[in-house]
Amino acid sequence: MFNDIGALEVVTIVVLAILIFGPDKLPKVIQDVTGFIRKVRAFSDSAKQDIRSELGPEFKDFEFEDLNPKNYLRKQLAENEDLKEIRGSFDLRKELNDVTDAVNSRETGPAPAAASSGPSATPIGTGPDLLKKPAAPAPDQRTPFDADAT
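Let me begin by describing the structure that accompanies this report. Bear in mind that the values here come from a model prediction, so they are computed numbers and not experimental data.

1. A short note on the overall build of the protein chain
Phase 1: Within the protein chain, the regular secondary structure consists of five helices and zero strands.
Phase 2: Put simply, the protein chain runs from its N terminus to its C terminus through helices and strands in the order α-α-α-α-α.
Phase 3: Residues counted as buried form 3% of the 150 residues belonging to the protein chain.

2. A word on helix 1 (residues 7–55)
Phase 1: The first and last C-alpha atoms of helix 1 sit only 43 Å apart over 49 residues, clearly below the 72 Å expected at 1.5 Å per residue.
Phase 2: The axis of helix 1 is deflected most strongly, by about 100°, at Lys-25, and proline Pro-27 appears within four residues downstream.
Phase 3: Restricting attention to buried positions, one finds in helix 1 the residues Ala-17, Gly-22, Leu-26 and Arg-52.
Phase 4: A positive phi of about 110° marks Gly-56, the residue just after helix 1.

3. Examining the layout of surface pockets
Phase 1: In this structure, the second largest pocket encloses a volume near 270 Å³.
Phase 2: In terms of lining residues, the second largest pocket is bounded by Ile-5, Val-10, Ile-13, Val-14, Ala-17, Phe-21, Leu-26, Val-29, Ile-30, Val-33 and Thr-34.
Phase 3: Its residues assigned to classes, the lining of the second largest pocket comprises 10 nonpolar, one polar and no charged.

4. Describing the pattern of salt bridges
Two side chains with opposite charge may pair up if their charged atoms get near one another.
Phase 1: Inspection of every chain in the model, using the stated rule, returns one salt bridge.
Phase 2: Between Asp-32 and Lys-28 there is a salt bridge, with its nearest N and O atoms 3.3 Å apart. Taken together, the residues Asp-32 and Lys-28, both in helix 1 and four residues apart, mark about one turn of the helix.
Phase 3: Overall, the relative accessible area of 43% leaves Asp-32 in the partly exposed class.

Calculation notes
Residues numbered from 1 in each chain as written. Predicted model: local features only at pLDDT ≥ 70, side-chain atom pairs only at ≥ 80, totals over all residues. Heavy atoms only, no water. Helix = DSSP H or I, 4+ residues; strand = E, 2+ residues; numbered from the N terminus. Buried < 20%, exposed > 50% of the residue type's maximum accessible area, 1.4 Å probe, protein only. Expected span 1.5 Å × (residues − 1). Bend = angle between axes of the 7 residues up to and from the residue. 1 Å grid on protein atoms, 1.4 Å probe; cavity = no way out; pocket = protein on both sides within 12 Å on 5 of 7 lines; lining within 4 Å. Points joined across faces, edges and corners; volume = space filled by probe spheres on them. Nonpolar A, V, L, I, M, F, W, Y, C, P; charged D, E, K, R; others polar. Salt bridge = Lys/Arg side-chain N within 4 Å of Asp/Glu carboxyl O.

As structure tokens, this is what we get:
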């Protein structure tokens with residue numbers, strides 16, 4: 001419940017409790033607080049049981065923690081077999097390595113086959129030249145400019 005509280009915070013709370021309530025009243029205050037927490041937990045458990053009994057037998061395995069969107073998504077993603085197949089088939093590291101290899105080969109210099117066969121021939125296995133700017137379209141191929149649309 002309080003996983004992010006460190007030792008310094010606990011010591012600070014204890015010192016403040018001693019200063020506020022005093023050493024003689026502190027045990028009684030601790031008993032009252034623990035009793036209150038037990039009553040709240042008992043009330044919460046009975047409310048959960050009442051809700052489960054009202055929902056019917058089809059919701060007997062219903063957990064209120066599943067209503068948290070983070071838990072719900074985690075559970076749905078873990079149980080969905082189609083997503084596991086998609087995750088297995090898509091290897092991002094392989095794709096990144098392929099792109100890195102392509103970029104590094106472009107930086108070291110042009111391939112000998114591409115240099116000898118001219119600019120229109122592309123060696124097999126390489127993609128289009130991403131550094132080359134596309135040619136401007138002919139004037140009759142451009143889309144008309146609509147001033148009202150912008």
